[in-house]
Amino acid sequence: MSPPSAEVPYGALDLMVLKTLDAMGPQHGYGIARRIEQMAEGMLALNQGTIYPALLRLEQKGWIESDWGTSENNRRARFYSITRAGRKQLALEADLWSRTVAMMSRMLGEPSS
Amino acid sequence: MTLRSALKRIQASFTRRSLDASLDEEVRAHLEMLAADHQCRGLTPEAAGLAARRDFGGIEQIKDAYRDARGVSAIEHILRDLAYAGRGLRKSPGFAVAVVVTLALGIGANTAVFTLIDAISWRNLSVQDPESLSLVSRIRLGRSETGFTFPQTRALRAVDAGVRLAAYSSSAFPLRLTASVDGNLEPPINGQLVSGNYFDLLGVVPQAGRLIRADDDRVPEGHPVAVLSDAYWRRRFGRDPAIAGKRLLLSGRAFDIIGVTPPEFFGVEVGLSPDVFLPMMMQASVMPVVGDLIVKPNVNRTWVQLLARLEPGVSRERASSLLEPVYRENVPQVPPALRARSGAEDRIVFTPAATGISDLRAHFSTSLFILLGIVGIVLLIGCANTANLLLARAAARRPEMTLRLALGAGRARLMQQVLIEGLVIGALGGLGGFALATVLTRVLVLYASAGRVPIALDLTPDLRVLAFTIATSFLCTVVFVFVPAIRAVRVEVTAAIGSVNGTARTLGGVSSARLLVVTQVALSLVLLVGAGLFVQTLINLTTTDHDVSRDRVLVVRVEPSGSNQRGAPGMPERLHHIYTALMARVGSTPGVRSVSMGNVSPGKPESGAAVAITPGGTVGMQDARSVDRPSASMQAIYRGYFATLGIGLRGRDFTEADQRLGAPPVCIVNEAFVRIAFPDQDPIGKTCISVGAPRRAYMIVGVADDSRYSNPRAPVQPVVYTPFFQSNTGRGQMILYVRLDGDPRAIVPAVRDAIWEADNSVPQYEVRTLAEEVDGVVVRERLLATVSMAFSLLALLLTAIGLHGLLSYLVLQRKRELAIRVALGARRSGVIALVAREAVVLVGLGAIAAVPLMLVFARVSVQFLSDVLFGLTVDDGVTFAAAISALILVGGVAASLAATRASSVDPMVALRAE
C-alpha cells in the first residue's frame with residue numbers, strides 16, 4: 001500500500017464531503033470526517049479539523065445547509081445536509097473528475113518508448 | 001466569489017461573537033465524539049482525549065483558518081477599532097467631553113445658521129409643482145414693482161394669455177384683524193385676502209372642510225367665509241374637528257369658518273404665515289384703513305399681488321406680450337416727458353417663485369452669510385483645539401504605539417485606528433451639533449422676530465441641512481485628525497523604546513501645536529474686530545438725540561368703532577371727544593408723565609398721508625406727475641406729542657385752541673421739511689399750502705427735530721404735523737403715546753384700566769413700548785452684533801483654552817528638566833518666565849499674523865458689507881485697540897494659570913515619577 005498522503009487536493013475534499021452527505025443524509029462534522037477516513041481505507045491521513053473550513057466554503061456557496069440537532073450520544077451538534085444545488089454540483093464535479101481521470105489514464109497509459 | 005457568499009461573509013463580520021461561540025461548541029462536540037471513539041477502542045479517558053486532539057489537528061490554526069474564510073477582515077478590523085475607540089473615550093471622559101462639546105457647539109452653530117439660510121432662501125414652497133410658479137411684476141418708468149390695483153388684476157385675469165393668474169393681498173398692506181370667538185375678544189391675528197382660484201392654482205388640499213373657491217369671490221362683501229391656517233386651528237381651536245361651520249368675528253364682521261389648510265402650507269411669502277384666509281371680495285370689511293378698494297379703487301393703492309402658472313407650451317414672453325396691452329390700458333398715463341426720461345414702455349415680467357417671495361431674504365441674506373462665516377471660523381478654532389488635544393493624547397500613547405509596532409502591527413493599521421477614533425469623535429460632535437442646532441435655530445428666529453409680526457419659518461431639517469451637518473462633521477474630522485494620525489505612527493521603534501517615559505526629546509508635535517495656537521490667536525482677533533464693528537454699527541444706528549428712554553414710552557393702538565369712517569358726518573367730533581376723554585383719564589393715572597396721540601407710528605412712517613413738496617411750501621397729493629418730487633408725510637397729532645416722544649421742538653406746540661373744530665389751520669413741520677421747502681429760511685410764521693381738497697393754508701407755528709426712529713440709515717422723511725380736525729385723512733384711528741415715570745410693568749395695568757374706563761367700546765391692541773415698536777427696525781443689526789460678539793467671545797475662550805493647554809503640555813514635557821533645575825536651586829520665577837516668554841511669543845505672532853487678515857477683511861467689508869455696516873470710518877482704531885487688549889488680557893490669564901501650575905511642580909514628586 002502506498003504511504004498515506006496527508007495532502008488532499010483542495011477541491012477533492014469539498015467533493016468528498018458532498019458525496020458523503022449525499023450518500024449518508026444529514027450528518028455532523030465528526031460523522032463526515034470519520035466516513036471519509038473509512039472510505040479512503042487508510043490511503044488518507046486526514047486532520048479531521050480541516051473539514052470545517054471546507055464545510056464553511058460549501059455552506060457559503062449554498063451547496064450544503066446546516067442546523068443544530070442532537071447526536072447519537074445525546075449531545076448538541078451541528079448537522080449538515082446537502083441542498084438541491086449541492087446535488088447538481090456533485091453530479092457536475094463527479095462527471096468532471098471521471099473525465100479528467102479517463103484523460104489522464106489515457107495519457108499516462110501511453111507506452112514510453 | 002459569488003454575491004451570495006460575499007453577502008454571507010459581510011453578515012458574518014457583524015455576528016462574529018455568536019458565530020465564534022457556535023464554532024467553539026461544534027469543535028468541542030467533535031472532539032468529544034472522537035475521544036469517545038478512542039475510549040471504545042480501549043484507551044483511558046486522558047489518552048483518548050489526547051488522541052482525539054492529535055487526530056483533529058491544530059485546533060487554533062483550524063479555527064483561525066475558519067474565521068479568516070468566514071468574514072471580511074476589513075470590516076472586522078473597523079469594528080474592532082470602533083470598539084477600541086469607544087473604550088478609549090470612556091476611559092478618558094474629560095478629554096471626550098471636552099472635544100465632543102467643543103465640536104458640538106461649533107457644528108451646531110454652523111448648522112443653525114445654515115438651516116436659517118436654507119429656510120429663507122432655498123426651500124421650495126409646499127404647493128403643487130412650485131417650479132412652474134411665478135410672481136407677476138410690472139416695470140414702470142424703470143422701476144419694478146409687484147403690486148397692482150384691484151381693477152388692474154381683474155382686467156389682467158380676464159385675458160386669455162395662456163397663463164392662470166391668482167391674486168392675493170400684499171404684505172405691504174398688512175391685515176391685522178381683531179378677532180372674536182364666542183363673544184370673547186382675542187389677540188389680533190394676521191389675515192390674507194385671496195382670489196377664488198388661489199388655492200386651486202397652488203394645488204392646496206384642505207385637511208378639514210373646504211377651501212375658498214371661485215364661487216366665494218363674486219360679489220363684494222357677499223361671501224363672509226374664512227379658511228383657517230393649521231397653526232391657528234391648533235393654537236386657538238385645539239384642532240377641533242367640528243371647526244367647519246363655527247363663527248369667527250373679524251373686525252366686527254361675522255365670518256363662517258369653512259375649512260383648514262394643511263400643516264405645511266403657509267402661503268407664498270417666506271417668513272409670514274397668515275392665520276386666516278378670506279375671499280378678496282370681503283376687502284372692505286377687514287381693511288377699513290384704506291377704504292373700499294374694490295368698489296372704489298384708488299390708483300395709488302397697489303395692494304394686490306399676482307401669482308402665475310403658465311400653461312404648458314406657453315412661453316413667458318408670449319404671455320407677457322398678451323398681458324401688456326391690457327395692463328397699459330388700465331394704468332394712469334405718464335406724461336411723455338417723464339416717460340422719455342425714465343425709459344421704456346410699461347412691461348409685465350414673470351419672476352420664478354418656487355422658493356416663495358420673501359422680504360426676509362433681501363433683508364437678512366447678507367447678514368446670515370456673514371454669520372455663517374463667523375461661526376465657520378469659530379468652528380475652525382474649535383477644531384484646532386481638538387487637534388491639539390489629540391496631539392497631546394497621541395504623544396501620551398507613544399509607548400503603547402511603539403509596543404504594538406514592535407509586536408508586528410502594521411503602520412497602516414495603527415493609522416487606521418487613530419483615524420477611526422477621530423471619526424468617532426467627529427460623529428459624536430456632529431450628532432450633538434445637530435441636536436443643538438434645532439434649539440439654536442429657534443432661538444435665533446425668536447430673537448430676529450422682535451417686530452410686530454413673528455417670523456414663521458419651516459425649520460424642520462431637510463436633506464440639505466442633514467447633508468451639511470454630515471459634511472461639516474466630516475471636514476472637521478479630517479482637519480483635526482490629520483496631523484495627529486501621522487504623528488501617531490511616525491515613531492521610531494528603536495529610538496523610542498528606550499526612553500518610553502519621554503524626555504525633552506519627545507516634544508514631537510509641539511511645532512504643529514504652536515502653529516495651531518498662533519492660527520487660533522489670529523482668527524480670534526479678526527473675529528473680535530469684526531464683532532466690534534457690528535456692535536459699533538448698532539450703536540451708531542440706535543443712539544438718537546431724543547432724551548427719552550424708549551422703554552418708558554407706551555404705544556397703544558386704539559380704534560373706536562366708526563374710526564374707519566372719519567368722513568361720516570359728525571364722526572370727527574365724536575372721535576375727538578373720545579380721544580380727549582381718553583387722554584385726560586390716562587393722563588391722571590399715577591406714574592404717567594405725559595400723554596398724547598398721533599395717527600402714525602414712528603416705526604412705520606409710510607402709513608401717513610403722502611404729499612409732494614414744492615419749494616415755497618406747497619404740498620399736494622402724490623400722483624403720477626409728482627413722482628420725482630420729494631415727498632412728505634402728513635400726520636395728525638394732539639398736543640404734547642413731541643414732549644411725550646422726546647422730540648425737540650422750536651417755536652410752539654399746538655394749544656387747546658388749535659385743536660378745536662373750526663380753529664384757524666396751523667401746522668408744525670420738521671427740519672427735513674424745512675430743508676426742502678424753505679431752505680435757509682425760518683419757516684415759523686410762514687404758511688404751508690395744501691392743494692388737496694379742501695385747500696388749506698396752514699400757518700407754521702413750530703419746527704420739530706428730525707425723528708430718526710423709523711429708518712436710521714435713510715435720509716429723514718419730511719413731516720407736516722396738523723391737529724386732528726385739520727388733517728386730510730380718512731383714517732380716524734389714532735395711537736396713544738404714554739410717557740411713564742417708572743417701570744412699565746408696574747404701570748401698564750393701570751393704563752389699561754384707564755383706557756377701559758374712559759370708553760369701553762374702544763378695542764385695544766397690544767400695549768407695547770416704543771422700544772419694541774422701533775427696535776424691530778434694527779433687528780438685523782442687533783442680530784449681527786449680538787451673535788457675532790457672542791461667538792467672538794466664544795472663540796476667544798477656545799483660544800485661551802488652547803493656549804493654556806499648549807503651555808501646560810510644554811510644562812509637562814519638560815517636567816523632569818524643570819524639576820532638576822528647581823532642585824539645583826533655580827528660582828521658581830525662572831519657570832514662570834519660561835512660560836510667560838512662550839505665551840508672549842505665541843500671542844504676538846498671532847497678532848502679527850492677524851494684520852494681513854484684517855486688511856483683507858477691511859477691504860472686503862467696504863465693498864460688500866456697506867449695506868450692513870453704518871457710520872464707520874475705515875481706520876477704526878478704537879475697535880482694534882479694544883480687541884487687542886481683550887486678547888492680551890485673556891492670553892495673560894491663560895499663561896498665568898499655566899505658569900502657576902508649572903511653578904508648583906514639586907521636584908521630588910516629578911523625579912520620583914520616572
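Described below are features of the structure shown in this document. (Residues numbered from 1 in each chain as written. Chains lettered and ligands numbered in written order. Predicted model: local features only at pLDDT ≥ 70, side-chain atom pairs only at ≥ 80, totals over all residues. Heavy atoms only, no water.)

**Here's the deal with the packing of helix α3 (residues 51-61) of chain A against helix α4 (residues 59-70) of chain B**
Where we set the bar: Orientation is described by lines fitted to C-alpha atoms, with helices fitted over the stretch in contact, and by angles between N-to-C directions that extend from 0 to 180 degrees. Each helix is a run of H or I in the DSSP string that is no shorter than four residues. Each strand is a run of E no shorter than two, and both are numbered from the N terminus. Angles are sorted into four bins: roughly parallel if under 35 degrees, roughly antiparallel if over 145, roughly perpendicular if 65 to 115, and oblique for all others. Crossing handedness is defined as follows: a turn of the near helix away from the far one that is anticlockwise and smaller than a right angle gives a left-handed crossing, while the clockwise case is right-handed. The contact criterion used throughout is that any non-hydrogen atoms of two residues lie within 4.5 Å.
In contact at an axis separation of 9 Å, α3(A) and α4(B) are set at 15 degrees when each is read in the N-to-C sense. By the angle between their directions, the pair α3(A) and α4(B) is classed as roughly parallel. Once α3(A) is placed against α4(B), the crossing between them reads as right-handed. On the side of α3(A), the interface is formed by Y52(A), P53(A), L56(A) and Q60(A), while α4(B) contributes I62(B), A65(B), Y66(B), A69(B) and R70(B).

**Points about the pairing of strand β12 (residues 276-279) of chain B**
Residues and elements named next belong to chain B. To keep things clear, this is the line we draw: Type-normalised accessible area, obtained with a 1.4 Å probe on protein chains alone, sets the label of each residue: buried when under 20%, exposed when over 50%, and partly exposed for intermediate values. Pairs of strands are assigned from DSSP output, requiring at least two bridges between the strands.
Both faces of β12 are covered, namely the face carrying V276 and L278 and the face carrying F277 and P279. Where strand β7 (residues 189-194) meets β12, 4 bridges bridge the pair, whose relative direction is parallel. Each residue of the ladder has a partner; that of G191, found in β12, is V276. By the bridge criterion, 2 bridges tie strand β9 (residues 225-228) to β12 in an arrangement that is antiparallel.

**Description of a nonpolar patch on the surface**
Residues and elements named next belong to chain B. Inclusion rule: Residues with no salt bridge and a relative accessible area higher than 30% make up the patches, which join like charges within 9 Å and nonpolar side chains (Val, Leu, Ile, Met, Phe, Trp, Tyr) within 5 Å. Working definition of accessibility: Shrake-Rupley area with a 1.4 Å probe, residue cover restricted to the visible protein chains. The salt bridge definition used is simple: a Lys or Arg side-chain nitrogen within 4 Å of an Asp or Glu carboxyl oxygen.
A cluster of nonpolar side chains, namely M415, L419, F482, V483 and I486, defines an oily patch on the protein surface of about 380 Å² accessible area. Per-element accounting of the nonpolar patch gives the leading share, 3 residues, to helix α16 (residues 463-489). Residue placement: I486 occurs in helix α16.

**Quick look at empty space enclosed by the protein**
All names here are of chain B. For clarity, the cut-off: Cavities and pockets were defined on a 1 Å grid built over protein atoms only: a cavity is a set of grid points that admits a 1.4 Å probe from which the probe cannot escape, a pocket is an open set flanked by protein on both sides within 12 Å along at least five of seven lines, and lining residues are those with an atom within 4 Å of any such point. Grid points are joined across faces, edges and corners, and a volume is the space filled by probe spheres set on the points. Throughout, the ten residues Ala, Val, Leu, Ile, Met, Phe, Trp, Tyr, Cys and Pro are labelled nonpolar, Asp, Glu, Lys and Arg are labelled charged, and all others, Gly among them, are labelled polar.
What the rule picks out here adds up to 9 cavities of 30 Å³ or more. Considering only enclosed or pocket space, the second largest cavity measures out at about 90 Å³ in volume. Taken together, L116, I120, L360, F364, L368, L444, V445, A448, I455, L457 and L783 make up the full set of residues lining the second largest cavity. Broken down by secondary-structure element, the contributors of at least two residues to the lining of the second largest cavity are α6 (93-122), α13 (359-396) and α15 (411-448). The class makeup of the residues in the lining of the second largest cavity is 11 nonpolar, no polar and no charged.

**Structural notes on the interface of chain A and chain B**
Buried accessible area, meaning the area lost when the parts come together, often serves as the stated size of an interface. Under the convention used in this document: Throughout, the accessible surface (probe 1.4 Å) given up by two parts as they are put together, summed over both, is called the buried area.
Taken together, the contact between chain A and chain B spans 26 residues of the former and 23 residues of the latter. Taking both partners together, chain A and chain B bury about 2,100 Å²; carbon and sulfur atoms supply 59% of that area. When the area that chain A buries against chain B is broken down by residue, the three leading residues are Y30(A), Y52(A) and Q60(A), summing to 32%. Seen at the junction of chain A and chain B, the total is 3 salt bridges. Those elements that place two or more of their residues in the side of chain A that touches chain B are α2 (29-40), α3 and β3 (76-82) of chain A. Looking at which element gives the most residues to the side of chain A that touches chain B, the answer is α3(A), with 6 residues. Class assignment of the residues belonging to the side of chain A that touches chain B gives a composition of 9 nonpolar, 10 polar and 7 charged.

**Some points on the pairing of strand β3 (residues 163-169) of chain B**
Residue and element names in this part refer to chain B. With respect to burial, β3 is a largely interior element, 6 of its 7 residues being buried. As defined by bridge partners, β3 adjoins strand β13 (residues 304-310) across 7 bridges and the pair is classed as antiparallel. The residue of β13 that forms the bridge with A167 is L306.

**A short note on the side chain of R309(B)**
All names here are of chain B. Short version of the rule: Positive charges come from Lys and Arg alone, negative charges from Asp and Glu alone, with His and the N- and C-terminal ends not counted. Here a polar contact is taken to be a pair of N or O atoms separated by no more than 3.5 Å, where protein atoms must pair a possible hydrogen donor with a possible acceptor and residues adjacent in sequence count only if both atoms sit in side chains.
Its location among the elements puts R309 in strand β13. Despite its burial, R309 pairs with no opposite charge, the nearest such side chain being D129 at 4.2 Å. A polar side-chain atom of R309 sits 2.7 Å from the main-chain carbonyl oxygen of Q128. If near-sequence neighbours (up to four positions away) are discounted, R309 is found in contact with Q128, D129, S132, L133, V163, R164, L201 and L202.

**Some thoughts on the pattern of salt bridges**
Following the criterion strictly, the structure yields 33 salt bridges over all chains and no others. Between E25(B) and R76(A) there is a salt bridge, and its shortest N-O distance comes to 3.2 Å. Placement of the pair is E25(B) in helix α2 (residues 16-40) and R76(A) in strand β3, with the two residues belonging to separate chains. Take E25(B): its relative accessible area is 21%, and that puts it in the partly exposed class. Connected through salt bridges with shared partners, the residues D20(B), D64(B), R67(B) and R70(B) form a single ionic network.

**Thoughts on the environment of K8(B)**
Relative to the helices and strands, K8(B) is located in helix α1 (residues 3-14). Here the alpha-carbon distance between K8(B) and V751(B), two residues 743 residues apart in the chain, equals 78 Å. Excluding anything up to four places from it in sequence, K8(B) contacts E59(A) and Q60(A).

**Brief notes about the packing of aromatic side chains**
All names here are of chain B. What counts, and what does not: Put simply, two rings from Phe, Tyr or Trp (the six-membered ring, in Trp's case) pair if the centres are within 6.5 Å, and we call them stacked under 30 degrees between planes, edge-to-face over 60, tilted for the rest. Lysine and arginine charges are scored as sitting over a ring when NZ or CZ, respectively, is within 6 Å of the ring centre and within 35 degrees of the ring normal.
Counting across every chain of the model gives 21 aromatic pairs over all chains. Ring geometry for F199 against F277: centres 5.4 Å apart, planes inclined by 75 degrees, an arrangement best described as edge-to-face. In this pair, F199 sits in helix α8 (residues 198-202) while F277 sits in strand β12, placing the two residues 78 residues apart along the sequence. Assessed through its relative accessible area of 2%, F199 is described here as buried. Considering the side-chain rings of F265 and F277, the 5.8 Å spacing of their centres and the 40 degrees angle between planes classify their relative orientation as tilted. With F265 in the loop between β11 (253-260) and β12 and F277 in strand β12, the pair connects residues that are 12 residues apart, well separated along the chain. For F265, a relative accessible area of 4% gives the class buried. Taken together, the ring pairs in this structure connect Y168, Y198, F199, F265 and F277 into an aromatic cluster. When the ring centre of F237 is taken as origin, the NZ or CZ atom of R236, which lies over that ring, is 5.3 Å away. Positioned over the ring face of Y84 is R404, at 5.6 Å from the centre of the ring.

**Describing the nonpolar core**
The nonpolar side chains of soluble globular proteins are, as a tendency, buried together. Residue and element names in this part refer to chain B. So the rule is basically this: Residues enter a nonpolar core if they are buried and are Ala, Val, Leu, Ile, Met, Phe, Trp, Tyr or Cys, with the set joined through side-chain atoms within 4.5 Å.
Counting 48 residues, the largest nonpolar core has L228, L250, V276, L278 and W303 as the members making the most contacts within it. The leading source of residues in this core is helix α11 (residues 316-329), at 4 residues. If you look at the next biggest cluster of nonpolar residues, it comprises 45 residues, including A109, L371, A437 and L523.

**Brief notes about the environment of L855(B)**
All names here are of chain B. By the secondary structure assignment, L855 is in helix α26 (residues 828-864). Given the relative accessible area of 57%, L855 is considered exposed. Separated by 57 residues in sequence, L855 and L798 have C-alpha atoms that sit 24 Å apart.

**Considerations on the sheet that holds strand β1 (residues 27-28) of chain A**
Sheet strands pair by backbone hydrogen bonding; their relative direction is either parallel or antiparallel. Residue and element names in this part refer to chain A. Sheet architecture is open: 3 strands sit in the order β1-β3-β2, paired in antiparallel fashion. Looking at strand neighbours, the two that pair on one side only are β1 and β2 (64-70), the edges of this open sheet. Bridge count for β1 against β3 is 2 bridges, and the pairing is antiparallel. In the strand pairing of β3, Q27 is matched with Y80.

**Quick word on the environment of G844(B)**
Position of G844(B) among the secondary structure elements: in helix α26. Separated by 701 residues in the primary sequence, G844(B) and R143(B) have C-alpha atoms spaced 53 Å apart.

**Focus: helix α19 (residues 571-587) of chain B**
Residues and elements named next belong to chain B. Put simply, the rule reads: Working rule for helices: expected span equals 1.5 Å times residues minus one. Arc definition: it is the arc formed by the directions from the helix axis to the C-beta atoms.
The terminal C-alpha atoms of α19 lie 24 Å apart, and with 17 residues this matches the ideal 24 Å at 1.5 Å per residue to within 8%. Regarding α19, the residues found buried are M571, P572, L575, H576, I578, Y579, L582, M583 and V586. One face of α19 carries all of its buried residues, which in axial projection span an arc of 165 degrees. Of the residues in α19, the exposed ones pointing more than 90 degrees away from the buried face are H577 and A584. On its buried side, α19 packs onto β15 (553-558), β16 (592-598), β25 (734-740) and α22 (744-758).

**Focus on unusual backbone geometry**
All names here are of chain B. Positive phi is not limited to glycine here, since D129 has a value of about 50 degrees. Relative to the helices and strands, D129 resides in the loop between α6 and β1 (133-140). In this model, R239 sits at a positive phi of 55 degrees, which is unusual for a non-glycine residue. When you line up the elements, R239 lands in the loop between α9 (230-237) and β10 (247-250).

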